[in-house]
Amino acid sequence: MKITNSSRLSILLTILVVTVPVSQSEAKRQSGGGGDSDVHKKAGLEAMDARHFDQAADEFGKAIAAKPQDPALYHDRAVAYFSGAQAAQAANDKDGATTRFASAIADFSKEIELAPKDEAGYLGRGQAEKLQGQFDPAVADLTKALELKPDDVVALKFRGSAEIGLYQWDKAVADYTAAIQKDPNDWFSYDQRALAYRNLKNYDAAIADHTAAIEKNPTYQPEYARRGYTYSLMQQYEKAVPDYEQALKLDPNDIDTPQRLQYARGMLARIAAMNAPPPSATPTPPATGLDLLTPTNIAIAVIALIAILVVVRLLTRGKAEPTSGRIR
């Protein structure tokens, strides 16, 4: 199965979700043994490690049944549902992904109900909402997560992504700039800020961010294609062509890049033709005798000859012919 660029992004974002700590909720767990709850939680974590996400969700559900007021268990099951949704997306199972995302949102909501001062629930629900295209509620949840934990880089990145979904380019630039300040080595933040800059028509800033992303992740094929496209928008086709060529080296099966490469090359050829000097004028060869025998010249000669004959005739008409003097 070929993994598309969008599914690569989704998988990347899944990793961010799974690594979100429960933190405060985990600290609030009751001391002492959890009995069946702890047993099923351990089994759920093992299933997660094996990427058996549905099995993990089932085990966490059993843990919840034994301890229904523990917000961390709802978080664990929500992450299992979320990861299962991502796997379903990668397998082109749209319905399975939608169902699991809905379950994840429901569990994150329950976590928020039980632990409203813990940012983890808002962060998780905001991510799930964003990936479902629910950008407005995603921004609200991620903003709440940042109020509770202002230095959360993941929340900044996801809110910036949701703002891109809402075409709020300036806000996205601000969030990704803040994320870069906190984590200057994250190529993904440069990539997304470049997208926002490009839509603001700040092409120079977009090129700078694409270049930074490439320096930090030189094997990420879409970055070359995106920088090439930005160069094309700037009509700098001579720079777009090598980026498109590199993108095709990294992914020969890319569908869009060959067409864009052909367009850029065509524009370069057109510009070269327009700027080429005009051809030098060919000198006119001297006239020859044959060149004088044109229809016009022949007609003029005939008219002149006729005129001469008429003049001669008029001059000779008045002269008397000599006679012998005899009457005939």
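Okay, so let's go over this structure. (Residues numbered from 1 in each chain as written. Predicted model: local features only at pLDDT ≥ 70, side-chain atom pairs only at ≥ 80, totals over all residues. Heavy atoms only, no water.)

Once that is clear, we can look at the overall build of the chain. If you tally the helices and strands in the chain, you get 17 helices and 0 strands. Counting only residues that meet the buried cut, the chain has 42% of its 328 residues in that class. Expressed as a percentage of contacts within the chain between residues at least 6 apart in sequence, the contacts between residues at least 24 apart total 53%. Total accessible area computed for the chain in this model is approximately 18900 Å², and 57% of it derives from carbon and sulfur atoms. (Helix = DSSP H or I, 4+ residues; strand = E, 2+ residues; numbered from the N terminus. Buried < 20%, exposed > 50% of the residue type's maximum accessible area, 1.4 Å probe, protein only. Contact = heavy atoms within 4.5 Å. Areas by Shrake-Rupley, 256 points an atom, 1.4 Å probe, with all protein chains shown as cover.)

This next bit is on the environment of Ala47. Its place among the elements puts Ala47 in helix H3 (residues 36-49). Ala47 sits in the buried class, given a relative accessible area of 3%. Spatially, the C-alpha atoms of Ala47 and Ala80 are 9.3 Å apart, while their sequence positions differ by 33 residues. When neighbours within four sequence positions are excluded, Ala47 is seen to be in contact with His52, Gln55 and Ala56.

Our next topic: the pattern of salt bridges. Within the structure shown, the criterion is met by 15 salt bridges. Among the ionic pairs, Arg77 bridges to Asp107, the shortest N-O distance being 2.6 Å. Taken as a pair, Arg77 in helix H5 (residues 71-90) and Asp107 in helix H6 (residues 94-114) lie far apart in primary sequence, 30 residues in all. For the pair Arg77 and Asp107, one class covers both residues: buried. One continuous salt-bridge network, built from bridges that share partners, spans Arg125, Glu129 and Asp141. (Salt bridge = Lys/Arg side-chain N within 4 Å of Asp/Glu carboxyl O.)

Attention now moves to helix H12 (residues 203-216). Taking 1.5 Å per residue, 14 residues should reach 20 Å; H12 reaches 20 Å between its end C-alpha atoms and fits that length. Taken together, the buried positions of H12 are Tyr203, Ala205, Ala206, Ile207, Asp209, His210, Ala212, Ala213 and Ile214. Buried-residue contacts for H12 involve helix H11 (187-199) and helix H13 (221-233). (Expected span 1.5 Å × (residues − 1).)

Let us look at unusual backbone geometry. The backbone phi angle of Arg51 is positive, close to 60 degrees, even though this residue is not glycine. By the element assignment, Arg51 lies in the loop between H3 and helix H4 (53-66). Residues other than glycine seldom take positive phi values, yet Asn92 does so here, at roughly 60 degrees. When you line up the elements, Asn92 lands in the loop between H5 and H6. The class of Asn92 is exposed, set by a relative accessible area of 68%.

Another aspect to go through is the nonpolar core. Counting 29 residues, the largest nonpolar core has Met48, Ala56, Ala80, Phe82, Phe101 and Leu123 as the members making the most contacts within it. For this core, the secondary structure elements donating two or more residues are H3, H4, H5, H6, helix H7 (119-131), helix H8 (135-148) and helix H9 (153-165). (Core = buried A, V, L, I, M, F, W, Y, C linked by side-chain atoms within 4.5 Å.)

Attention now goes to the packing of aromatic side chains. Under the definition given, this model contains 5 aromatic pairs. Their ring planes at 50 degrees and their centres at 4.6 Å tell us that Trp187 and Tyr220 sit as a pair that is tilted. Of this pair, Trp187 sits in helix H11 while Tyr220 is found in the loop between H12 and H13, placing the two residues 33 residues apart along the sequence. As far as burial versus exposure is concerned, Trp187 and Tyr220 are alike and both buried. Among the aromatic side chains, those forming a connected cluster through ring pairs are Trp187, Phe188 and Tyr220. Residue placement shows Arg260 over the ring face of Tyr229; its charged tip is 4.4 Å from the ring centre. (Phe/Tyr/Trp six-rings, centres within 6.5 Å; stacked < 30°, edge-to-face > 60°. Lys NZ or Arg CZ within 6 Å of the ring centre and 35° of its normal.)

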